[in-house]
Amino acid sequence: MWNYEKRLQYPVNIKTPNAKIAQIIMSQYGGPDGEMGASMRYLSQRYTAPNRMTAAILTDVGTEELAHLEMVATIVHQLTRDLTPEEIEKSGFAPYYTDHTVGIWPQAAGGVPFNACEFQSSGDPIADLFEDLAAEQKARKTYDNILRLVKDPEVADPIRFLRAREIVHFQRFGEALRSVQDMHDAKNFYAFNSSFDVPVKCE
Amino acid sequence: MNQNYNSMNQNNMQAMRGGCMRTSMNRQEYGMNRNMTGQRSYDSRNINPRQNCGSNRSMVENRGMTERRSCDNNRETTERHSCDGNREMTERRFYDGNPEMMERRSCDGNREMMKRRSFDNACGIDRARSVEIPTGSRKELFCFINEVSFASYEALLYLDTHPADQEAMEFFREHNHLRNRALEEYARLYGPLTISTANEHENSCWEWMNQPWPWEGGDC
């Protein structure tokens, strides 16, 4: 279960609002490769983890993704502070503003609302871990795309931190995948689903 | 005594900015694994059936000798002599080349020789005890907590997949110790950041909700 601390994992202090960039960064909140999808994915997959290492890494990375979710929301919140209606119209922020004012609501940059189709929890540990590896790369790619568009260093700084964390998570999931493969038959990894076919003793 | 803090602080600050601890922890890059034949494989394609990324090479003889070589060269050799029942020699080499050799002879009952060479003999918590928590200003202490917590969390993730790495264990102990001290100090001076450091029975009013919320900004 979760406790929280009254601090962000990495500080976010943005002084200049910018509604245009806020829409783009919103994608990392509720978009297909965003932190909400990432945390829900890992925290959902951990129940059918076949060994302790995988369960631990899914829980701990999932928790960290919740912290990243908070950071992204903070970035969007600080970018949409003190906006005038003229600025809202000029930046193209008006459609989101109409439905949500400057509230935080999970959607992709293109407007698709966050939904559970953005992730899968397949119950097969090899499939799940490969998806997790891909998810971290997708998140890293999105941050790369955001960094190409962002000019403000106060915005780029936390984004760069988040991007580096995705790469580290990729490493950890790779190691967990290796541990799961080690549990399986060396001649055929797919001979059975270690989360379902045999009663697995947690090591 | 601030010497320790400054050098550690520099490392942690740099590490935090970079998003990852630049220690031996993150040296190995998954996805660039070489198997025994020097080829890089990402998947389970069996070029050489027993020598592939993630697949264990096992050779079982009558004496019960198993040798596993995984692609990060972490070699674990276990030799058991099951005919005389009790002798077990285990040699484990962790990926930083640190040999840990334990030899137990339970047949003569009491003799147990353990030889461990750890990377750094100083205890992490001892090192941590000599570091002064910066309490000059709220912002400084808050930043210290961010940095030390980041180091702890990074070590935690690493230890999840490398549970036997002694160096990482010491690193974690050291930084977690500092983190706990710093959180207590912060709660004492400025109010709690966590519910476990909230000491509400000293207040007449619920202070927990009055602490600044993280998205308001202005820190570090």
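These figures come from a predicted structure and were not determined experimentally.

**So, the overall build of chain A**
- The helix and strand inventory of chain A stands at eight helices and zero strands.
- What you see in chain A, going N to C, is helices and strands ordered as α-α-α-α-α-α-α-α.
- Once the C-alpha set of chain A is aligned to its principal axes, its extents read approximately 65 × 30 × 30 Å.
- By residue count, 53% of the 203 residues in chain A fall in the buried class.
- Sequence separation of 24 or more characterises 76% of the internal contacts of chain A that already satisfy a separation of 6 or more.
- Summed over all atoms, the accessible surface of chain A reaches about 9000 Å², with 57% contributed by carbon and sulfur.
- Computing the positive centroid from 21 side-chain charges and the negative centroid from 28, chain A places the two 4 Å apart.

**A short note on the interface of chain B and chain A**
- Listed per partner, the contact involves 49 residues of chain B and 44 residues of chain A.
- The junction of chain B with chain A conceals about 4000 Å² of combined surface from both sides, 52% of it contributed by carbon and sulfur atoms.
- Put simply, Glu-154 of chain B and Arg-165 of chain A hold a salt bridge, and the shortest N to O gap is 2.7 Å.
- Taken together, the connections running from chain B to chain A amount to 10 residue pairs in polar contact (both at pLDDT 80 or more).
- Secondary structure elements with two or more residues in the side of chain B that touches chain A: α1 (2-18) and α3 (138-161) of chain B.
- Among the elements that line the side of chain B that touches chain A, the one with the most residues is α3 of chain B, at 12 residues.
- Its residues assigned to classes, the side of chain B that touches chain A comprises 23 nonpolar, 18 polar and eight charged.

**A short note on the packing of helix α4 (residues 52-79) of chain A against helix α8 (residues 153-183) of chain A**
Residues and elements named next belong to chain A.
- Packing of α4 against α8 leaves a shortest axis separation of 11 Å and a crossing angle of 165 degrees. In this view, α4 runs roughly antiparallel relative to α8, as classed from their interaxial angle. As α4 packs across α8, the resulting crossing turns out to be left-handed.

**A few points about unusual backbone geometry**
All names here are of chain A.
- Phi at Asp-82 takes a positive value of approximately 55 degrees, unusual for a residue other than glycine.
- Assignment of secondary structure puts Asp-82 in the loop between α4 and α5 (85-90).
- A positive phi is found at Thr-101, a non-glycine position, where the angle reads about 50 degrees.
- The residue Thr-101 is located in the loop between α6 (94-100) and α7 (125-149) in this model.
- You can call Thr-101 partly exposed: its relative accessible area is 45%.

**Here we look at the pattern of salt bridges**
- Inspection of the entire model under this criterion finds 15 salt bridges over all chains.
- Measuring nitrogen to oxygen at the nearest pair gives 2.9 Å for the salt bridge that ties Glu-5 of chain A to Arg-179 of chain B. Highlighted residues: Glu-5 of chain A in the segment before α1 (19-25) and Arg-179 of chain B in helix α4 (residues 166-190), drawn from two different chains.
- On the accessibility criterion, Glu-5 of chain A (21% relative accessible area) is partly exposed.
- The salt bridge partner of Arg-163 of chain A is Asp-144 of chain A, with a shortest N-O separation of 2.5 Å. Placement of the pair is Arg-163 of chain A in helix α8 and Asp-144 of chain A in helix α7, with a sequence separation of 19 residues.
- Classification of Arg-163 of chain A by relative accessible area gives partly exposed; the value is 24%.
- Salt bridges sharing common partners tie together Glu-5 and Arg-7 of chain A together with Arg-179 of chain B.

Cut-offs used in this document
- Residues numbered from 1 in each chain as written.
- Chains lettered and ligands numbered in written order.
- Predicted model: local features only at pLDDT ≥ 70, side-chain atom pairs only at ≥ 80, totals over all residues.
- Heavy atoms only, no water.
- Helix = DSSP H or I, 4+ residues; strand = E, 2+ residues; numbered from the N terminus.
- Buried < 20%, exposed > 50% of the residue type's maximum accessible area, 1.4 Å probe, protein only.
- Contact = heavy atoms within 4.5 Å.
- Areas by Shrake-Rupley, 256 points an atom, 1.4 Å probe, with all protein chains shown as cover.
- Lys, Arg positive; Asp, Glu negative; His and termini not counted.
- Charge placed at Lys NZ, Arg CZ, Asp CG, Glu CD.
- Buried area = accessible area lost by both parts, 1.4 Å probe.
- Salt bridge = Lys/Arg side-chain N within 4 Å of Asp/Glu carboxyl O.
- Polar contact = N/O pair within 3.5 Å; in protein donor to acceptor, adjacent residues only side chain to side chain.
- Nonpolar A, V, L, I, M, F, W, Y, C, P; charged D, E, K, R; others polar.
- Axes fitted to C-alpha atoms, helices over the stretch in contact; angles between N-to-C directions.
- Parallel < 35°, antiparallel > 145°, perpendicular 65-115°, else oblique.
- Left-handed = near helix turned anticlockwise from the far one by under 90°.

Fair warning: the whole summary comes from geometry, so function is off the table for now.
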